[in-house]
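This is what each chain is made of:
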Amino acid sequence: MISHVFIGITEHERAHDFYSAIMDELGYVLKFCYPEKSWSGRVEKGTARPIVGIGKPYNGEPMSVGNGQMLALLAKSRATVDTTYAKAIALGTTCEGAPSLRPHYHPNYYGAYFRDLDGNKICICCHEFEG
């Protein structure tokens, strides 16, 4: 259903390092990196799409954070949500909701929320039952 998602950033090297650390925790691999264009993207290993890309806005204007916009990245387990969230916080992000069950979404929804280094809202979530 989704080809790619693009996240606006202000500085490529800093954002690329941050997203590399987060995506490594989730098992996503680098698909492309063009520092001269300030673009890079990752995919789930063994797939071509969807791509999660980062980069400076194509129109050359400063990036801005959209109200109500959020990227939710899928984790294979609740433990992965925990370790990815901890990594993000250690890298200097702002907490928007520590890892926990959120049964108001559905009984098995386990998620954590933070703002990346440019203020974009990111969720790491797992939908699997873990008994």
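Going along each chain's sequence as written, the residues are numbered from 1 onward. For this predicted model, a pLDDT threshold of at least 70 governs which residues receive local features, and a threshold of 80 or more governs which side-chain atom pairs are given and counted, while totals over whole chains, interfaces and linings are taken from all residues. For side-chain calculations, the full set of non-hydrogen atoms in the structure is used, while hydrogens and water are omitted.

## Some thoughts on the overall build of the protein chain
Runs of E in the DSSP output that reach at least two residues are strands. Runs of H or I that reach at least four are helices, and both are numbered from the N terminus. Each helix and strand in the protein chain was counted, giving two helices and eight strands. Each radius of gyration is computed over the set of C-alpha atoms, and the globule rule expresses the reference value as 2.2 Å times the number of residues to the power 0.38. Radius of gyration (C-alpha) of the protein chain: 15 Å, near the 14 Å computed for a compact globule of 131 residues. Once the C-alpha set of the protein chain is aligned to its principal axes, its extents read approximately 45 × 30 × 30 Å. Counting over 131 residues, the protein chain shows a buried share of 40%. A separation of at least 24 residues holds for 52% of the contacts in the protein chain among residues at least 6 apart in sequence. With the model as given, the accessible surface of the protein chain reaches about 7,400 Å², and the carbon-plus-sulfur share is 54%. Under the counting rule used here, the positive set is Lys and Arg, the negative set is Asp and Glu, and His together with the chain ends is not counted. For charged residues, the charge sits on one atom: NZ in Lys, CZ in Arg, CG in Asp, CD in Glu. Taken as two groups, the 13 positive and 14 negative side-chain charges of the protein chain have centres that lie 4 Å from each other. For every residue, the accessible area obtained with a 1.4 Å probe (protein chains only) is divided by the maximum for its type, and the residue is called buried under 20%, exposed over 50%, and partly exposed between those limits. We call two residues in contact whenever any of their non-hydrogen atoms come within 4.5 Å of each other. Exposure was quantified through the Shrake-Rupley algorithm and a 1.4 Å probe, taking into account, for residues, occlusion by the shown protein chains and nothing else.

## Examining the UniProt feature "domain: VOC" (unreviewed entry) in the protein chain
UniProt positions are given in the numbering used here, feature names are shortened, and annotations may be inferred rather than shown by experiment. The UniProt entry lists residues 1-127 under the feature "domain: VOC" (unreviewed entry), expressed in the numbering used here. Taken end to end, residues 1-127 comprises 22% helix and 37% strand; its first and last C-alpha atoms sit 19 Å apart.

## Things to note about helix α2 (residues 78-90)
Between the first and last C-alpha of α2 there are 18 Å, a value that for 13 residues agrees with the 18 Å anticipated at 1.5 Å per step. Of all the positions in α2, only Arg78, Thr80, Val81, Thr84, Tyr85 and Ala88 are classed as buried. The arc that holds every buried residue of α2, seen down its axis, measures 150°, which confines them to one face. The secondary structure elements touched by the buried residues of α2 are α1 (12-26), β6 (94-101), β7 (110-115) and β8 (121-126). Just beyond α2, the residue with positive phi is Gly92, at close to 100°. Any helix carries an expected span of 1.5 Å times its number of residues minus one. Each C-beta atom gives one direction from the helix axis, and the arc is the one those directions make.

## Description of the side chain of Ser38
Mapped onto the elements, Ser38 comes out in the loop between β2 (28-34) and β3 (39-44). Among residues more than four places away in sequence, those in contact with Ser38 are Ile9, His12, Ile54, Gly55 and Lys56.

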